[in-house]
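Inside the fold
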Amino acid sequence: EPEPVFTSVKTFAPATVANLGPCFDFLGCAVDGLGDYVSLKVDPSVHPGEVSISEVIKLSKNPLWNCAGIAAISAMKMLGVRSVGLSLSLEKGLPLGSGLGSSAASAAAAAVAVNEMFGNKLLPDELVLAGLESEAKVSGYHADNIAPAIMGGFVLIRSYEPLDLMRLNFPEKKQLLFVLVTPEFEAPTKKMRAALPAEVGMPHHIWNCSQAGALVAAVLNGDPVGLGKALSSDKIVEPKRAPLIPGMEAVKKVAVEAGAYGCTISGAGPTAVAVVDNEEKGKVIGEKMVEAFWKEGNLKAVSMVKRLDRVGARLV
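Going by what an unreviewed UniProt entry lists, the chain is known as Homoserine kinase and is assigned to Citrus clementina. Its UniProt record gives the chain a comment under Sequence similarities (unreviewed entry), which states: "Belongs to the GHMP kinase family. Homoserine kinase subfamily." Under the heading Catalytic activity (unreviewed entry), UniProt records this for the chain: "L-homoserine + ATP = O-phospho-L-homoserine + ADP + H(+)".

Our next topic: a nonpolar patch on the surface. A cluster of nonpolar side chains, contributed by Val-5, Phe-6 and Leu-315, occupies part of the molecular surface with about 260 Å² of accessible area. Locating Leu-315 in the fold gives a position in strand E11 (residues 314–315). A relative accessible area of 39% places Leu-315 in the partly exposed class.

Further remarks concern the pairing of strand E7 (residues 177–183). Of all 7 residues making up E7, 7 are buried, and the element is well covered by its neighbours. Side chains of E7 alternate between two faces, with Leu-177, Val-179, Val-181 and Pro-183 and Phe-178, Leu-180 and Thr-182 buried alike. Where E7 and strand E9 (residues 272–276) come together, 5 bridges link them in antiparallel fashion. Paired with Val-179 across the two strands is Ala-274, which belongs to E9. Bridge count between E7 and strand E10 (residues 301–307): 7 bridges; the pairing is antiparallel.

As a further point, take the domain arrangement of the chain. Its domain assignment divides the chain into domain 1 (8–170) and domain 2 (177–307). When each unit is reduced to the centre of its C-alpha atoms, the spacing between domain 1 and domain 2 is 25 Å. At the interface, 31 residues of domain 1 touch 39 residues of domain 2. Interface area for domain 1 against domain 2, summed over the two sides, is near 2500 Å², with a carbon-plus-sulfur share of 69%. For the domain 1 face of the interface with domain 2, the top three residues by lost area are Pro-22, Phe-24 and Phe-170, together amounting to 22%. Taken together, domain 1 and domain 2 are joined by 1 salt bridge.

On to the sheet that holds E7, then. Read from one edge to the other, the open sheet built from 4 strands follows the order E8-E9-E7-E10, with strand pairing classed as antiparallel. Both outer strands of the open sheet, strand E8 (262–265) and E10, are each paired with one neighbouring strand and no more. The average undirected angle you get between the axes of adjacent strands in this sheet is 20°. Pairing of E8 with E9 involves 4 bridges; the strand directions are antiparallel. Paired with Ile-265 across the two strands is Ala-272, which belongs to E9. Sheet contacts for helix H7 (residues 224–231): E8 and E9; angle to E9, the most-contacted strand, approximately 155°. Against the sheet, helix H9 (residues 248–257) engages E8 and E9, with an angle of about 160° to E8.

A rise of 1.5 Å per residue sets the reference length of helix H10 (residues 279–297), with its 19 residues, at 27 Å; its end C-alpha atoms lie 26 Å apart and thus fit the reference within 8%. When H10 is considered as a whole, its buried residues turn out to be Gly-282, Ile-285, Gly-286, Met-289, Ala-292, Phe-293 and Gly-297. Burial along H10 is one-sided: seen end-on, the buried residues are contained in an arc of 120°. Those residues of H10 that are exposed and angled more than 90 degrees off the buried face are Glu-280, Glu-291 and Lys-295. Its side-chain oxygen placed 3.0 Å from the backbone nitrogen of Glu-280, Asn-278 serves as the N-cap of H10. Phi turns positive, to about 55°, at Asn-298, one or two residues after H10.

Criteria and thresholds
- Residues numbered from 1 in each chain as written.
- Predicted model: local features only at pLDDT ≥ 70, side-chain atom pairs only at ≥ 80, totals over all residues.
- Heavy atoms only, no water.
- UniProt positions renumbered as here; feature names shortened; annotations may be inferred.
- Patch = residues over 30% accessible without salt bridge, like charges linked within 9 Å, V, L, I, M, F, W, Y side chains within 5 Å.
- Areas by Shrake-Rupley, 256 points an atom, 1.4 Å probe, with all protein chains shown as cover.
- Salt bridge = Lys/Arg side-chain N within 4 Å of Asp/Glu carboxyl O.
- Helix = DSSP H or I, 4+ residues; strand = E, 2+ residues; numbered from the N terminus.
- Buried < 20%, exposed > 50% of the residue type's maximum accessible area, 1.4 Å probe, protein only.
- Pairing = 2+ DSSP bridges.
- Domains from an automatic or database assignment.
- Contact = heavy atoms within 4.5 Å.
- Buried area = accessible area lost by both parts, 1.4 Å probe.
- Axes fitted to C-alpha atoms, helices over the stretch in contact; angles between N-to-C directions.
- Expected span 1.5 Å × (residues − 1).
- Arc of directions from axis to C-beta.
- Polar contact = N/O pair within 3.5 Å; in protein donor to acceptor, adjacent residues only side chain to side chain.

Now the structure itself:
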């Protein structure tokens, strides 16, 4: 059983954009400058081998019903920690149900905090498995948020049985920016998943596979134009979800007309994500997307321009 190497730690985990259009449930990326913080400390008043949640706003303090709690307990079990109790506080920087991987950020920060507390013994894949336990309880068994939240950059999930992750490196010298526009509208993951078709026709299957392949190639080549084009080309998931988010179809159209390389729904929504390679241009596109949400969907929205996070969850 590992001994704690710190008495307290603080970690950060970034927001994520999952699905990226045609890559439903198997590709996501981390976004810089937005995310959740977890503070963790050794607490003699907590039963050994257990976690208590001391502070969190708007969410359950029961560690078995909280993403951070579930992931922390899972990481402790993997490490075999049985003689130390921990208390955890969660600081949410991400809105709930926004399509930016809010539950995954909490889980990633908590799993990494436990790992750092006990000497960083778990591998990234093991940390992803700890986070997947919490995702499974909240929004389904999919790693396209939790994997990039922990590992940073773009992560492709090749298989779940066994878990096989591939990190895709977008070249360092190339610029990639995401315009994120979040309307005041909640799109619960469970509801958005229920809208999906039970069966897919062969032509749409072939089309989406080719677009997903093109998107992976664009990431590896550092090609934001190709990435945007593929991102915009989903024929299976987005057509079913976009009508459930007021104004989304108009927002996508406006983003592309204003010069974005592509636009789609981030995760289950309602955030819209557009791809650019210039910050000033991104700000202008974001303003037009906000206008479209108001005009066509009667929704107030906020826009941000963010870079790719290449690091993932980390010790603060």
